[in-house]
Amino acid sequence: MSLSFLSSAPHVRFLPFSALSITRRHVGSANPHVSIPTNRAAFPPSHILLLCSGSTSFWPIRVSLTPQRVRVRAEVRYLLQDAGATAAVLAGAYSLVLGFDSLTKRKLIQQNLSRKLVHILSGLLFMIAWPIFSTSTEARYFASLVPLVNCLRLVVNGLSFAKDEGLVQSVTREGNPEELLRGPLFYVLMLILSAVVFWRQSPIGVISLSMMCGGDGVADIIGRRFGSMKIFYNPKKSWAGSISMFVFGFLVSVGMLYFYSILGYFQLDWIETVQRVAFVSLVATVVESLPITEVVDDNISVPLVSMVAAYLSFGD
Ligand SMILES: C/C(=C\COP(=O)(O)O)CCC[C@H](C)CCC[C@H](C)CCCC(C)C
Ligand SMILES: Nc1ccn([C@@H]2O[C@H](COP(=O)(O)OP(=O)(O)O)[C@@H](O)[C@H]2O)c(=O)n1
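Description of the structure in this document. All values derive from a computational prediction rather than experimental measurement. (Residues numbered from 1 in each chain as written. Chains lettered and ligands numbered in written order. Predicted model: local features only at pLDDT ≥ 70, side-chain atom pairs only at ≥ 80, totals over all residues. Heavy atoms only, no water.)

### As for the site of ligand 1
Move 1: Around ligand 1 sit 19 residues, and of these Arg115, Lys116, His119, Leu191 and Asn299 come closest.
Move 2: Measuring from an oxygen atom of ligand 1, one finds a side-chain N or O atom of His119 at 3.1 Å.
Move 3: Here an oxygen atom of ligand 1 and a side-chain polar atom of Asn299 are 3.1 Å apart.
Move 4: Mapped onto the shell around ligand 1, the elements with two or more residues apiece are helix 1 (67-105), helix 2 (111-129), helix 3 (139-158) and helix 5 (183-197).
Move 5: Partitioned by chemical class, the residues of the shell around ligand 1 number 11 nonpolar, 6 polar and 2 charged. (Near = heavy atom within 4 Å. Polar contact = N/O pair within 3.5 Å; in protein donor to acceptor, adjacent residues only side chain to side chain. Helix = DSSP H or I, 4+ residues; strand = E, 2+ residues; numbered from the N terminus. Nonpolar A, V, L, I, M, F, W, Y, C, P; charged D, E, K, R; others polar.)

### What about the packing of helix 7 (residues 239-262) against helix 8 (residues 270-289)?
Helix-helix packing: each pair is described by the crossing angle between the helix axes and the interaxial distance.
Move 1: Where helix 7 contacts helix 8, the axes come no closer than 9 Å and their chain directions differ by 140°. The two elements helix 7 and helix 8 cross, and the hand of that crossing is right-handed. Packed against helix 7, whose contacting residues are Ser242, Met245, Phe246, Gly249, Phe250, Ser253, Val254, Leu257, Tyr258 and Ser261, the element helix 8 presents Trp270, Thr273, Val274, Val277, Ala278, Ser281, Leu282, Ala284, Thr285, Glu288 and Ser289 at the interface.
Move 2: Per-class residue counts for the contact of helix 7 with helix 8 are 12 nonpolar, 8 polar and 1 charged. (Axes fitted to C-alpha atoms, helices over the stretch in contact; angles between N-to-C directions. Left-handed = near helix turned anticlockwise from the far one by under 90°. Contact = heavy atoms within 4.5 Å.)

### What to know about a nonpolar patch on the surface
Move 1: Where nonpolar side chains cluster on the molecular surface, the patch consists of Met229, Phe232, Tyr233, Trp239, Ile243, Val247, Phe248 and Leu251 and spans about 830 Å² of accessible area.
Move 2: By the element assignment, Leu251 lies in helix 7. (Patch = residues over 30% accessible without salt bridge, like charges linked within 9 Å, V, L, I, M, F, W, Y side chains within 5 Å. Areas by Shrake-Rupley, 256 points an atom, 1.4 Å probe, with all protein chains shown as cover. Salt bridge = Lys/Arg side-chain N within 4 Å of Asp/Glu carboxyl O.)

### With respect to unusual backbone geometry
Move 1: Within the chain, Lys107 stands out as a residue other than glycine whose phi angle is a positive 60°.
Move 2: With respect to the element layout, Lys107 can be found in the loop between helix 1 and helix 2.
Move 3: Lys107 gets classed as exposed once you look at its relative accessible area, which sits at 73%.
Move 4: At Ser160, a residue that is not glycine, the phi angle is positive and equals roughly 60°.
Move 5: On the secondary structure map, Ser160 appears in the loop between helix 3 and helix 4 (165-171).
Move 6: Under the relative-accessibility criterion, Ser160 is labelled partly exposed at 48%. (Buried < 20%, exposed > 50% of the residue type's maximum accessible area, 1.4 Å probe, protein only.)

### Focus on the pairing of strand 5 (residues 234-238)
Move 1: Direction of pairing for strand 4 (residues 230-231) relative to strand 5: antiparallel, over a ladder of 2 bridges. Residue Lys230 lies in a different strand from strand 5, and its bridge partner there is Ser238.
Move 2: From the end of strand 4 to the start of strand 5, which pair antiparallel, there are 2 residues. (Pairing = 2+ DSSP bridges.)

### Some words on the site of ligand 2
Move 1: Taken together, 15 residues sit near ligand 2, with Lys116, Arg173, Ser238, Glu288 and Asp298 positioned nearest.
Move 2: Asp220 places a polar side-chain atom, nitrogen or oxygen, 3.2 Å from an oxygen atom of ligand 2.
Move 3: Within the complex, 86% of the 520 Å² of free accessible area of ligand 2 lies under protein.
Move 4: Mapped onto the shell around ligand 2, the elements with two or more residues apiece are helix 2, helix 6 (203-226), strand 5 and helix 7.
Move 5: Its residues assigned to classes, the shell around ligand 2 comprises 1 nonpolar, 4 polar and 10 charged.

### Let's talk about helix 9 (residues 298-314)
Move 1: Here helix 9 is 17 residues long and its end C-alpha atoms lie 23 Å apart, about the 24 Å a rise of 1.5 Å per residue gives.
Move 2: By the burial criterion, the buried members of helix 9 are Asp298, Asn299, Ser301, Val302, Pro303, Ser306, Met307, Ala309, Ala310, Ser313 and Phe314.
Move 3: Next to the buried residues of helix 9 lie helix 2, helix 5, helix 6, strand 5, helix 7 and helix 8.
Move 4: Its side-chain oxygen placed 2.7 Å from the backbone nitrogen of Asn299, Asp297 serves as the N-cap of helix 9.
Move 5: Positive backbone phi, approximately 85°, marks Gly315, located one or two places after helix 9. (Expected span 1.5 Å × (residues − 1).)

### Overview of the packing of aromatic side chains
Move 1: Within this structure, the stated rule accounts for 10 aromatic pairs.
Move 2: Centre to centre, the rings of Tyr260 and Phe266 are 5.8 Å apart; their planes meet at 25°, and the pair counts as stacked. Exposure class is identical for Tyr260 and Phe266. Each is buried.
Move 3: Among the aromatic side chains, those forming a connected cluster through ring pairs are Phe126, Trp130, Phe133, Trp199, Phe259, Tyr260, Tyr265 and Phe266.
Move 4: Across the ring face of Phe314, the terminal group of Arg276 is positioned such that the distance to the ring centre comes to 5.6 Å. (Phe/Tyr/Trp six-rings, centres within 6.5 Å; stacked < 30°, edge-to-face > 60°. Lys NZ or Arg CZ within 6 Å of the ring centre and 35° of its normal.)

### Side note on the packing of helix 6 against helix 8
Move 1: Between helix 6 and helix 8, whose axes approach to 11 Å, the crossing angle comes to 55°. The orientation of helix 6 relative to helix 8 falls into the category oblique. The handedness of the crossing between helix 6 and helix 8 is right-handed. In this structure, helix 6 uses Ile207, Met211 and Asp216 to contact helix 8, whose residues at the interface are Val277, Val280, Ser281, Ala284 and Glu288.
Move 2: Taken together, the residues that form the contact of helix 6 with helix 8 break down as 5 nonpolar, 1 polar and 2 charged. (Parallel < 35°, antiparallel > 145°, perpendicular 65-115°, else oblique.)

Okay, here's the thing in structure tokens:
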């Protein structure tokens, strides 16, 4: 049985049932129809009317809730939802790093592979978590609190104001705390930028993070292992690494766009989308292969150039 609230104000707003829990006994028997009264003039503008979907003969119940109070209740619900989602994702982020640190300490996984898997999974799981936040305009800022807290954690440990050995071992190459202030820090800054600027409203953020975590992350793993054929203009990079950057950047981007489209966030023409994502992936792959890492970290160049390419091909 579902209930819908019909504001008698000119704009009809349907609030989720959870906005106000009314038990069945208040609204009579149910059946699958409801006829919403078209003559709203019959209802006093200051009341919210409760209509039961599923009663052959319904009688509107006057609930003494003004639209303002209903709006406040909805905002409180959004606040609680976003606070809970932020706490859950923060806990997930801490557990992810702790888990890979434990695997590395027990020599079940190499430190470099551990770092790369944290690189890949952090961005992926962060994007997958976005839909648990509310539909309020502030939701994106709650979500960006997670990378922001991790940003502070990286800075505090990178400057050696604190010593989180597990963090250092699971996200650095050599185990030096200063390393936290480069790749990992730029990485979480890009997460913040994508969440705040693009959020769930635009495919640009999702595609950019997919290129950074899915493409660049896998390129490192494949390139180190199978990268014997080096790229002529950058001997530090290989064809195997770059091809995997293109393929996995493309696949992760399309996968994330599909995930968001089945949740209703994007309505995409998939033939055009595949072509556009392939273009973004090619641009990101070429930039990632350039010998510029010493000057600009991949965790900045890859997402930023992906944002520009995605903006040019998808629009804002
Ligand atoms: C290892 C990382 C970057 C290094 O990149 P590179 O130098 O190898 O190119 C990633 C650092 C991740 C950070 C410590 C934790 C970030 C967590 C994220 C904000 C939220 C995760 C969502 C959760 C798992 C549900
Ligand atoms: N296109 C690529 C990218 C990385 N790689 C390999 O992965 C290693 C690390 O790549 P990287 O310096 O881009 O690593 P991150 O900056 O992504 O952590 C390189 O030194 C190469 O051995 C590759 O062979 N081809």
